[in-house]
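Chain by chain, the residues:
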Amino acid sequence: MKKKVGLSIVTIFAALLLTGCGGGEDNSNSQTNSDDVNLKVWVDPGTGDFYKNVVKEYKESNGIDYPIEVVESDTGKAQEFVKKDPDAAADVFSMPHDQLGQLVEAGVVYENTKYADDVKESNTEQAINGATYQDKLYGYPYGVESMMLYYDKSKLSEEDVKTYEGIVAKEKIGLNFEEAGADYFAVPFFVSNGSKLYGADGEDASGTTFNDAKGVNTLKWIAAQGKNPNVIQANADLMSQLENGSIAALVSGPWGRENIEEILGDNMGIATYPTNDFGDGTVQMKAFLGVKLYSVNANTKNPLEAMELANYLSSKAAQEQAFEKMNTIPSNKALQQSEKVASDPLASTVVKMAQPEFTELMPKIPEMVSFWPGALSVISDSYKGKIPEDQMEKKLTQLVDDTSATKD
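The model shown is predicted, which means the values in this text are computed figures rather than measured ones. (Residues numbered from 1 in each chain as written. Predicted model: local features only at pLDDT ≥ 70, side-chain atom pairs only at ≥ 80, totals over all residues. Heavy atoms only, no water.)

## Notes on the sheet that holds strand β8 (residues 148-152)
Logical step 1: One open sheet holds the 5 strands; their spatial order is β10-β9-β11-β8-β12, and the pairing between them is mixed. Across the chains shown, the open sheet's two edge strands, defined by having one partner strand only, are β10 (231-233) and β12 (268-271). Between one strand axis and the next, the sheet turns through 30° on average, direction left out of account.
Logical step 2: Relative to β8, helix α16 (residues 345-353) is tilted by about 140°, and along the sheet it contacts β8 and β12. (Pairing = 2+ DSSP bridges. Helix = DSSP H or I, 4+ residues; strand = E, 2+ residues; numbered from the N terminus. Axes fitted to C-alpha atoms, helices over the stretch in contact; angles between N-to-C directions. Contact = heavy atoms within 4.5 Å.)

## Remarks on the confidence of the model for the protein chain
Logical step 1: Put simply, the protein chain has an average pLDDT of 92, and 91% of its residues get 70 or more.
Logical step 2: In the predicted structure, residues 1-32 sits below a pLDDT of 50 and forms 53 contacts with residues beyond four places in sequence or in another chain. (pLDDT = per-residue confidence, 0-100.)

## Re the pairing of strand β11 (residues 249-252)
Logical step 1: Burial of β11 is two-sided: the residues A249 and V251 facing one way and the residues L250 and S252 facing the other way are all buried.
Logical step 2: Taken together, the 4 bridges between β8 and β11 define a ladder with antiparallel strand orientation. If you follow Y151 over to β11, its bridge partner there is A249. (Buried < 20%, exposed > 50% of the residue type's maximum accessible area, 1.4 Å probe, protein only.)

## Description of the pattern of salt bridges
Logical step 1: Counting across every chain of the model gives 8 salt bridges.
Logical step 2: A salt bridge links D160 to K170; the shortest N-O distance between them is 2.8 Å. Within this pair, whereas D160 is found in the loop between β8 and α7 (164-168), its partner K170 is found in the loop between α7 and β9 (173-175), the two being separated by 10 residues in sequence.
Logical step 3: Residue class for D160 comes out buried when judged on its relative accessible area of 15%. (Salt bridge = Lys/Arg side-chain N within 4 Å of Asp/Glu carboxyl O.)

## Things to note about helix α8 (residues 182-192)
Logical step 1: The buried fraction of α8 is high, at 10 of 11 residues.
Logical step 2: Among all positions in α8, only A182, D183, F185, A186, V187, P188, F189, F190, V191 and S192 are buried.
Logical step 3: In the stretch just after α8, G194 is the one whose phi turns positive, near 115°.

## Side note on the packing of helix α17 (residues 368-383) against helix α18 (residues 392-402)
Logical step 1: Here α17 crosses α18 at 170°, and the two axes come no closer than 9 Å. Viewed along their axes, α17 and α18 adopt a mutual orientation that is roughly antiparallel. Along the contact surface, α17 presents S370, F371, G374, A375, V378 and S382, while α18 presents M392, K395, L396, L399 and D402.
Logical step 2: A breakdown of the residues in the contact of α17 with α18 according to their chemical character gives 6 nonpolar, 3 polar and 2 charged. (Parallel < 35°, antiparallel > 145°, perpendicular 65-115°, else oblique. Nonpolar A, V, L, I, M, F, W, Y, C, P; charged D, E, K, R; others polar.)

## Describing the packing of aromatic side chains
Logical step 1: Considering all chains together, one arrives at 19 aromatic pairs under this definition.
Logical step 2: Ring geometry for W42 versus F81: centroids 6.3 Å apart, planes at 85°, classification edge-to-face. Remark: F81 occurs in helix α3 (residues 78-84) and W42 occurs in strand β1 (residues 39-43); sequence separation between them is 39 residues.
Logical step 3: On the basis of relative accessibility, which here comes to 12%, the residue W42 falls in the buried class.
Logical step 4: Between F177 and F185, the aromatic rings sit 5.3 Å apart at their centres with planes inclined by 65°, giving edge-to-face as the arrangement. (Phe/Tyr/Trp six-rings, centres within 6.5 Å; stacked < 30°, edge-to-face > 60°.)

## Section: unusual backbone geometry
Logical step 1: In this structure, Q134 is a non-glycine residue whose phi angle is positive, near 50°.
Logical step 2: According to the relative accessible area criterion, Q134 is partly exposed, its value standing at 47%.
Logical step 3: Phi at Y198 takes a positive value of approximately 55°, unusual for a residue other than glycine.
Logical step 4: Within the secondary structure, Y198 sits in the loop between α8 and α9 (213-225).
Logical step 5: Under the relative-accessibility criterion, Y198 is labelled buried at 0%.

## Regarding α9
Logical step 1: With 13 residues, α9 extends 19 Å from end C-alpha to end C-alpha; this agrees with the ideal 18 Å at 1.5 Å per step.
Logical step 2: Within α9, the full set of buried residues consists of G215, V216, T218, L219, W221, I222, A223 and Q225.
Logical step 3: On its buried face, α9 is in contact with α7, α8, β10, β13 (275-277), α17 and α18. (Expected span 1.5 Å × (residues − 1).)

Now the structure itself:
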């Protein structure tokens with residue numbers, strides 16, 4: 001990072017660099033004096049103090065004297081907040097990558113025109129894909145997350161949990177096929193078995209093939225789990241089911257570790273998803289991969305400074321601190337391969353799950369908004385036995401047709 005000097009030269013460069021890019025016609029001409037710069041950044045709830053220290057280090061190491069306000073926000077609703085009032089939104093904001101398409105389509109997120117090479121060189125391919133929409137890089141990845149398998153090592157062995165059949169043949173597993181969140185959990189199984197969700201890259205609105213033969217077999221498999229005595233429907237009661245011994249395995253994300261470890265103690269096992277046969281041969285079961293991004297508001301009056309800040313907040317140094325102090329799993333390639341990450345059972349499992357073999361990057365296109373309700377209904381009703389097998393293809397075709405274009 002370079003100290004802010006020679007702003008008249010920077011202004012000329014900015015005008016050339018940013019002409020035609022997102023962010024408004026006059027943004028580049030506003031950066032005439034560092035006294036005019038004033039940035040705000042939205043960060044995840046509970047991370048405000050951490051990022052205030054990161055911003056303080058950033059300012060001190062780069063000789064920056066303009067104010068940067070750090071505000072905690074519900075970044076899961078970033079697309080809602082930013083689209084509602086872009087002028088009032090933060091210059092830099094944290095967001096889950098699957099909202100990127102909505103923000104780009106609304107014209108409220110700024111293309112990464114200055115640090116694209118840094119991002120592509122430093123982060124994993126999956127993270128880069130999460131920060132990219134329609135072949136343009138918009139985001140600054142700083143973390144990855146996915147669900148994984150937790151199990152009781154006193155009841156299941158490492159060999160048992162390598163296959164789904166190995167688990168349910170021996171013990172009960174708690175899974176959510178009925179309630180809110182079942183779509184997030186089960187939709188990747190269709191992709192695991194070879195069907196497509198919005199095409200090969202997740203950006204083809206007419207590219208969902210869940211109604212093909214493999215998709216129908218996947219739905220049949222889901223229905224069969226409703227009759228499997230060793231598959232227990234569990235959602236809000238997941239931890240209580242584990243605590244009372246009703247289940248010996250479950251799936252959750254990094255967010256579940258603390259509670260699970262409190263219940264199982266030294267018997268807590270963590271593993272990648274197992275393999276399974278959905279009816280077309282053994283395949284690797286997949287989960288959705290989420291990429292945590294920083295993005296720049298297209299309406300910022302200071303795009304160069306905002307991009308520089310976003311790049312720093314997602315830098316290797318910042319990601320390393322976030323991992324050490326908040327257990328945020330880094331998207332940085334070097335950090336993922338470091339001893340610190342490799343020696344942590346949860347972090348190393350998430351890093352492995354973050355490979356394309358184990359996860360499907362959640363699509364970023366706006367059509368996903370309309371996909372969730374229909375997918376939940378089909379999955380839940382099939383699990384409950386409400387959809388006969390001879391009606392499954394019809395139901396899946398309806399889902400594909402209804403979610404092939406954005407609904408108003």
